[in-house]
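# An overview of the molecular structure
Read off the chains here:
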Amino acid sequence: MGGRGGWWRGKSTPAKVETYTRWSFHTFPFIEVATFALPAFGYVPAPVNWILFLLVSAHAALGAVTASLTLDWTRGRRPLPVRLLWALGTATVVIAVVSLLVALHGPRGTDNGAAAGTVFVGVLSFGIGTLALAVRETRRMVYGVLGAALGAAAVAVPAGVSATGAAVAAGAVVLAAGFFTFTSAFSVWLLNAVYELDEARETRARLAVAEERLRFGRDLHDVMGRNLAVVALKSELAVQLARRGRPEAVEQMIEVQRIARETQREVREVVRGYREADLRTELSGAQGVLTAAGIDCEVSGPVTGLPAEIQSALGWVVREATTNVLRHGDAGRCAVSLRVSEGRVTLTVENDGAAGTGTGSRTDADTAEPGRGSGLAGLRERLREVDGVLRAGPAGDDLFRLTAEVPLPPGSVPERAPDPEPGGSPRPVPHPVSEVTS
């Protein structure tokens, strides 16, 4: 029991099952010798009893070696021991015939024939059961058992056994060989099933790690995309102001510093797994960033009263849409509207830069092309978690529209949207930055 946890405790579950299976087959030789060879000393006179004992012991040892190597083959660790299997099959037939001849033509005495006949059945049964380890199909195993039984009857009748005795011997072989064959087949099936379950568990763990890596990469893309776009924009503005000798260049670089520190904080939160997007904050940030980029941005609709998970999902939509407008488009106007009706929340982001919006200009945003990113595909995954859908594509007249719809959970009653105007369309209510962030 070496080691701190012990020899057995240090093994994995599949290794424990394999060890148990191997030692079970290692006990079969002792059972074979104790059941069929040793009783011969009490019923068969010398030296015939010693001949039967040595033959059965040799058969048992050969079966143990064959079983061990064949189990290695079932696990893919070595080639199939064909020669050893042929040797075991030949030894099984020879020893069975010898024991049958001893039972019929050996020394006569009380139970001599019965003892030798028992050896005949036992050797055939253990031999067929061990050979079954090398067979993968159940149909062939059944054929092997039936063939052994018919062979036993075919050998017994010419040797002088009555038809009734031959039928009894065949039936005994079917029962005993069938039992050992079933034991071998079930042991191999159980061993393989345990290993396959362990491999499936490892595969599931690897998939979970891969999924977490994708989530982490998606969150980093969402965090860094817009912030880096803003940093690039403000840095370019600061350069232009500095070339003109304008003091506002210092303020722009201070803002770049602030955004960089904020990005560092958000990245740390992503790493810790605690980060959630806030819809109010994202709307405020989108309006401020787009306005700073010279894009007229209008935000309308109710913000408060939505469940936290819906606010988080829609917040990511606002962030990604803003990033696309900054990085890919040439927009002069952007409108963000939030509407609640018939138990659904609809977020619409519309801009007039559809001619060059890159990823955002594609109707099928799930198909990411080289160099175009996969932000909208990530948004679809986030929205699916709250049973939402995302639509993105051109809306005519150089307009690009991104729409996210999320169903409200039962019992959720957010603030009502403004009543529509007589024309039927909702009347937008602009929210300045101070109002959205209050």
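Located above this text is the structure these notes cover.
Figured I'd write up the structure that's included with this text.

### Let's talk about the overall build of the protein chain
Scanning the protein chain from terminus to terminus reveals 12 helices and five strands. The contacts in the protein chain between residues at least 6 apart in sequence include a share of 70% that link residues at least 24 apart. Total accessible area on the protein chain is roughly 23,400 Å²; 60% of this is exposed by carbon and sulfur atoms.

### Topic: the sheet that holds strand 3 (residues 344-351)
Taken in spatial order, the five strands line up as 1-2-3-5-4 in an open sheet, and their pairing is mixed. Unpaired on one side and paired on the other, strand 1 (296-300) and strand 4 (389-396) mark the two borders of the sheet. The average undirected angle you get between the axes of adjacent strands in this sheet is 15 degrees. Bridging between strand 1 and strand 2 (residues 333-341) involves five bridges; their strand directions are parallel. Across the sheet, Glu 298 pairs through a bridge with Ala 335, a residue of strand 2. Strands strand 1 and strand 2 of the sheet are contacted by helix 9 (residues 279-292), whose axis makes an angle of about 160 degrees with strand 1.

### Quick look at the packing of aromatic side chains
Per the stated rule, a full pass over the model turns up eight aromatic pairs. Ring centres of Phe 25 and Phe 28 lie 5.3 Å apart, and the angle between their planes is 65 degrees; this geometry places the pair in the edge-to-face category. Of this pair, Phe 25 and Phe 28 both sit in helix 1 (residues 13-37), three residues apart, which is roughly one turn of the helix. Between Phe 182 and Phe 186, the aromatic rings sit 6.0 Å apart at their centres with planes inclined by 20 degrees, giving stacked as the arrangement. With a gap of four residues between them, Phe 182 and Phe 186 both fall in helix 7 (residues 163-243), about one helical turn apart. Taking relative accessible area as the criterion, Phe 182 reaches 56% and is therefore assigned exposed. In this structure Phe 186 comes out as partly exposed when scored by relative accessible area, which is 40%. One aromatic cluster in this structure is built from Phe 25, Phe 28, Phe 126, Phe 179 and Phe 180. The aromatic ring of Tyr 195 is capped on one face by Arg 75, whose charged end is 3.8 Å from the ring centroid. Here Arg 136 stacks its cationic end above the ring of Trp 73, 4.3 Å away from the centre of that ring.

### Some details on the pattern of salt bridges
Following the criterion strictly, the structure yields 12 salt bridges and no others. A salt bridge links Glu 137 to Arg 140; the shortest N-O distance between them is 3.6 Å. On the basis of relative accessible area, Arg 140 is assigned to the exposed category, the value being 52%. Here Arg 344 makes a salt bridge to Glu 405, at a shortest N to O gap of 3.5 Å. Taken together, the residues Arg 344 in strand 3 and Glu 405 in strand 5 (residues 399-407) connect sequence positions 61 residues apart. Owing to a relative accessible area of 29%, Arg 344 belongs among the partly exposed residues under this scheme. One salt-bridge network, in which partners are shared between bridges, spans Glu 18, Arg 22, Asp 72, Arg 77 and Arg 78.

### Side note on the nonpolar core
General note: in soluble globular proteins, nonpolar side chains tend to be found buried as a group. Ranked by size, the top nonpolar core spans 36 residues in total, and within it Leu 314, Val 317, Leu 347 and Leu 390 carry the most contacts. Those elements that provide at least two residues to this core are helix 9, strand 1, helix 10 (308-328), strand 2, strand 3, helix 11 (375-384), strand 4 and strand 5. Counting residues per element, this core draws most heavily on helix 10, at eight residues. In contact with Val 317, not counting residues within four places along its chain, are Leu 347, Leu 379, Leu 383, Leu 390, Leu 402 and Ala 404.

### Quick word on helix 3 (residues 48-74)
The terminal C-alpha atoms of helix 3 lie 38 Å apart, and with 27 residues this matches the ideal 39 Å at 1.5 Å per residue to within 8%. At the exit of helix 3 stands Gly 76, carrying a positive phi of roughly 75 degrees.

### Concerning the side chain of His 59
Mapped onto the elements, His 59 comes out in helix 3. A polar side-chain atom of His 59 sits 2.7 Å from a polar atom in the side chain of Thr 92. Once residues within four sequence positions are removed from consideration, His 59 is found in contact with Glu 32, Leu 88, Ala 91, Thr 92, Ile 95, Val 123, Phe 126 and Gly 127.

### Considering the packing of helix 1 against helix 3
Each packed pair of helices is defined by two parameters, the angle between the axes and the distance between the axes. In contact at an axis separation of 9 Å, helix 1 and helix 3 are set at 165 degrees when each is read in the N-to-C sense. Classified by the interaxial angle, the pair formed by helix 1 and helix 3 is roughly antiparallel. Where helix 1 crosses over helix 3, the two elements pack in a sense that is right-handed. When helix 1 is examined against helix 3, the residues Thr 21, Arg 22, Phe 25, His 26, Pro 29, Glu 32, Val 33 and Ala 37 are found in contact with a partner set consisting of Phe 53, Val 56, Ser 57, His 59, Ala 60, Ala 64, Ala 67, Ser 68, Leu 71 and Asp 72. Class assignment of the residues belonging to the contact of helix 1 with helix 3 gives a composition of 10 nonpolar, five polar and three charged.

### Some remarks on the state of the cysteines
Inspection of the entire model under this criterion finds zero disulfides. Here Cys 334 is not disulfide-linked; the sulfur of Cys 297 is the nearest cysteine sulfur, at 5.0 Å. Using a relative accessible area of 1% as the deciding quantity, one classes Cys 334 as buried.

### Brief notes about the pairing of strand 5
Here strand 5 lies mainly inside the structure; seven of its nine residues are buried. Here strand 3 runs beside strand 5; their pairing, made up of eight bridges, is antiparallel. Residue pairing for strand 5: Val 345 is matched across the bridge by Val 406. Pairing of strand 4 with strand 5 involves seven bridges; the strand directions are antiparallel.

Scoring rules and cut-offs
Residues numbered from 1 in each chain as written. Predicted model: local features only at pLDDT ≥ 70, side-chain atom pairs only at ≥ 80, totals over all residues. Heavy atoms only, no water. Helix = DSSP H or I, 4+ residues; strand = E, 2+ residues; numbered from the N terminus. Contact = heavy atoms within 4.5 Å. Areas by Shrake-Rupley, 256 points an atom, 1.4 Å probe, with all protein chains shown as cover. Pairing = 2+ DSSP bridges. Axes fitted to C-alpha atoms, helices over the stretch in contact; angles between N-to-C directions. Phe/Tyr/Trp six-rings, centres within 6.5 Å; stacked < 30°, edge-to-face > 60°. Buried < 20%, exposed > 50% of the residue type's maximum accessible area, 1.4 Å probe, protein only. Lys NZ or Arg CZ within 6 Å of the ring centre and 35° of its normal. Salt bridge = Lys/Arg side-chain N within 4 Å of Asp/Glu carboxyl O. Core = buried A, V, L, I, M, F, W, Y, C linked by side-chain atoms within 4.5 Å. Expected span 1.5 Å × (residues − 1). Polar contact = N/O pair within 3.5 Å; in protein donor to acceptor, adjacent residues only side chain to side chain. Parallel < 35°, antiparallel > 145°, perpendicular 65-115°, else oblique. Left-handed = near helix turned anticlockwise from the far one by under 90°. Nonpolar A, V, L, I, M, F, W, Y, C, P; charged D, E, K, R; others polar. Disulfide = S-S within 2.5 Å.

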